Amino acid sequence: MHFGLTDEQEMIVSTVRSFVEKEIYPHEEIVERTGEVPKEIADEIKRKTLDLGFYASNFPEEVGGPGLSHLEFALVERELGRGSMALTHFFGRPQNILMACEGEQRDRYLMPAVRGERMDALAMTEPDAGSDVRGMKCTAKRDGGDWVVNGTKHFISGADHADFVIVFIATGEDMTDKGPKKRITAFLVDRGTPGFTIRHGYNSVSHRGYKNMILEFDDCRLPDAQVLGEVDGGFAVMNEWLYATRITVATMSVGRARRCFDYALQHAAERKQFGQQIGKFQGVSFQIADMITEIDAADWLTLASAWRLDQGLPANREIASAKLYASEMLARVTDATLQVYGGMGLMDDFPIERFWRDARVERIWDGTSEIQRHIISRELLRPLGA
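These numbers were taken from a predicted model, which means no experiment stands behind them.

**Q** Honestly, the overall build of the protein chain in this entry has me stumped. Any pointers?
**A** Assigned secondary structure in the protein chain consists of 12 helices and 10 strands. Relative to a compact globule of 386 residues, whose C-alpha radius of gyration would be 21 Å, the protein chain shows 22 Å and is just as compact. Residues counted as buried form 52% of the 386 residues belonging to the protein chain. A separation threshold of at least 6 residues defines the contact pool for the protein chain, and within that pool the share at least 24 residues apart is 73%.

**Q** Looking at this model, I keep getting lost on the pattern of salt bridges. Mind explaining?
**A** A side chain with one charge may pair with a side chain of the opposite charge, provided their charged atoms come close. Tallied over the entire structure, the rule returns 36 salt bridges. Here Asp143 ties to Arg221 by a salt bridge, and the two come within 2.8 Å at their closest N and O atoms. Residue Asp143 is found in strand S2 (residues 139-143), and its partner Arg221 is found in strand S7 (residues 212-223); the two are separated by 78 residues along the sequence. On the basis of relative accessibility, which here comes to 39%, the residue Asp143 falls in the partly exposed class. Across the salt bridge formed by Arg357 and Glu353, the nearest N and O atoms sit 2.8 Å from each other. Here Arg357 and its partner Glu353 are both found in helix H11 (residues 352-359), 4 residues apart, which amounts to about one turn of the helix. A relative accessible area of 12% means that Glu353 is categorised as buried.

**Q** For this particular structure, what's the right way to read helix H4 (residues 70-80)?
**A** Among the 11 residues that make up H4, 10 are buried, leaving the element largely enclosed by the rest of the structure. Here H4 has its buried residues at Leu71, Glu72, Phe73, Ala74, Leu75, Val76, Glu77, Arg78, Glu79 and Leu80. Residues of H4 that are buried make contact with helix H1 (7-24), helix H5 (85-88), helix H8 (243-270) and helix H9 (282-310).

**Q** Could you clarify how one ought to interpret a nonpolar patch on the surface in this entry?
**A** Together, Met344, Leu346, Met347, Phe350 and Trp356 make up an exposed nonpolar region whose accessible area comes to about 450 Å². Along the chain, Leu346 turns up in the loop between helix H10 (316-341) and H11. On the accessibility criterion, Leu346 (45% relative accessible area) is partly exposed.

**Q** Just to check I follow, could you spell out the environment of Asp219 for this structure?
**A** Tracing the sequence through the fold places Asp219 in strand S7. When its relative accessible area of 48% is taken as the criterion, Asp219 is described as partly exposed. Apart from residues lying up to four places away in sequence, Asp219 is in contact with Val148, Val149 and Asn150.

**Q** Help me out: how do you make sense of the nonpolar core in this one?
**A** Side chains that are nonpolar tend, in soluble globular proteins, to be buried together. One finds Val76, Ile97, Leu98, Leu110, Ile166 and Phe168 to be the most contacted residues of the largest nonpolar core, which totals 54 residues. Those elements that place two or more of their residues in this core are H1, helix H3 (39-52), H4, H5, helix H6 (104-115), strand S4 (164-176), strand S5 (179-190) and helix H7 (234-241). Core analysis: the second largest hydrophobic core is formed by 25 residues, Ile288, Met329, Ala336 and Ala359 among them.

**Q** Looking at this structure, I do not really get the side chain of Ser57. What am I missing?
**A** Topologically, Ser57 is positioned in the loop between H3 and H4. Look past the residues within four positions of Ser57 in its chain and what remains in contact with it is Pro66, Leu68, Phe73, Val76, Gly92 and Arg93.

**Q** Which parts of the structure should I look at to understand the packing of H1 against H3?
**A** Relative placement of two packed helices is described by the angle separating their axes and the distance separating the axes. It is the contact of H1 with H3, at a shortest axis distance of 12 Å, that shows an interaxial angle of 160 degrees. The orientation of H1 relative to H3 falls into the category roughly antiparallel. Pair H1 / H3 crosses with right-handed handedness. Here Thr15, Phe19, Glu23 and Ile24 of H1 lie close against H3, whose contacting residues are Ile45, Lys48, Thr49 and Leu52.

**Q** Is there a simple way to explain the environment of Lys323 in this structure?
**A** Summarising the element assignment, Lys323 is placed in helix H10. Residue classification places Lys323 among the buried positions, given a relative accessible area of 0%.

**Q** Help me understand H9 in this model?
**A** Here H9 is 29 residues long and its end C-alpha atoms lie 42 Å apart, about the 42 Å a rise of 1.5 Å per residue gives. For H9, every residue scored as buried is listed here: Val284, Ile288, Met291, Glu294, Ile295, Ala298, Asp299, Thr302, Leu303, Ser305, Ala306 and Leu309. Next to the buried residues of H9 lie H4, H8 and H10. Following H9 by one or two positions, Gly312 has its phi on the positive side, about 75 degrees.

**Q** Whenever I open this one, the pairing of S5 confuses me. Can you help?
**A** Along any regular strand, the residues point their side chains to alternate faces of the sheet. Along S5, 9 of the 12 residues are buried, which leaves the element largely enclosed by surrounding structure. As defined by bridge partners, S4 adjoins S5 across 12 bridges and the pair is classed as antiparallel. Considered in S5, the bridge of Asp174 is made with Lys181. Between S4 and S5, which pair antiparallel one after the other, the connecting turn spans 2 residues. Direction of pairing for S5 relative to strand S8 (residues 227-228): antiparallel, over a ladder of 2 bridges. Each residue of the ladder has a partner; that of Ala186, found in S8, is Leu228.

What counts, and where the lines are drawn
- Residues numbered from 1 in each chain as written.
- Predicted model: local features only at pLDDT ≥ 70, side-chain atom pairs only at ≥ 80, totals over all residues.
- Heavy atoms only, no water.
- Helix = DSSP H or I, 4+ residues; strand = E, 2+ residues; numbered from the N terminus.
- Rg over C-alpha atoms; globule rule 2.2 N^0.38 Å.
- Buried < 20%, exposed > 50% of the residue type's maximum accessible area, 1.4 Å probe, protein only.
- Contact = heavy atoms within 4.5 Å.
- Salt bridge = Lys/Arg side-chain N within 4 Å of Asp/Glu carboxyl O.
- Patch = residues over 30% accessible without salt bridge, like charges linked within 9 Å, V, L, I, M, F, W, Y side chains within 5 Å.
- Areas by Shrake-Rupley, 256 points an atom, 1.4 Å probe, with all protein chains shown as cover.
- Core = buried A, V, L, I, M, F, W, Y, C linked by side-chain atoms within 4.5 Å.
- Axes fitted to C-alpha atoms, helices over the stretch in contact; angles between N-to-C directions.
- Parallel < 35°, antiparallel > 145°, perpendicular 65-115°, else oblique.
- Left-handed = near helix turned anticlockwise from the far one by under 90°.
- Expected span 1.5 Å × (residues − 1).
- Pairing = 2+ DSSP bridges.

Okay, structure coming up:
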């Protein structure tokens, strides 16, 4: 077994880390203070990412992407995790699900997204349908040759900057032994489509500037050309492409934890109490030891799940384990770092309180910790008939 990175992979890590330190860190304070990303800063980050050749780094060369492996893209996401999500959003990683585009859709959505000409967002969650995706009430009904959509989506990240949105909508219902079961279809919906409104969502304590939006559909008419994949085949599209979002949460949690740990380590080595550095006290030094152990464990677990995808091996359980462990690890590391800083850790003079706030949402979005535990246990028990 070989755990080292190739020279090319080491270059990816150093290049993206340098980009984050030089192009993201300097703008974080203004985003935290205002809750906004100035357009000129967003445009500058996107332009420099394109110049660097890393835009749409999760897409293959055949459609104009850099053609990175799953492992290499995980390394990119890990380094981006060190910076503000509101800013790294413009580093540009369109939804992998766009690879399901066919025919004219490739020219209208896939290729412009990869080139950085159009930005996308993914919409699945509703006020009454979070973890229970099949409980969605947003519906699309046939009317002649069109679909008429009504309903609401919320907690939609990135929709404030999106030119189009990939929306999962209920298009029918089947009766099963366990009751009604929704049929789901994915649609491509352009901003400005009549009957489709994007408005501001809720103010979140996590990831300021990275806004969640509310999407409203009021008799919004969509032709068949806007269906992504097959009608009623939304779950097939979802299962094929959305695993990447869980790896992203895991890798970014690792990156953010490493940045937070650097603050804790430096503070433990410099801060003095009772005549010596606090890092010499077992109460602090043992926390430092526990933090780095958990970070390394989450890192290897996450990279191993990405490696399995590159090898064509089953990885559903491993990806769920990585998302679960890394997101919960981040919570423990940020909390421990705040404890090492003491009262100053809660002051906005330092970014510690921001890391602590931001960490909380990672256990919720892209599948809660409970959903990940369900996936893991199901994968283990089903082969045994349980």
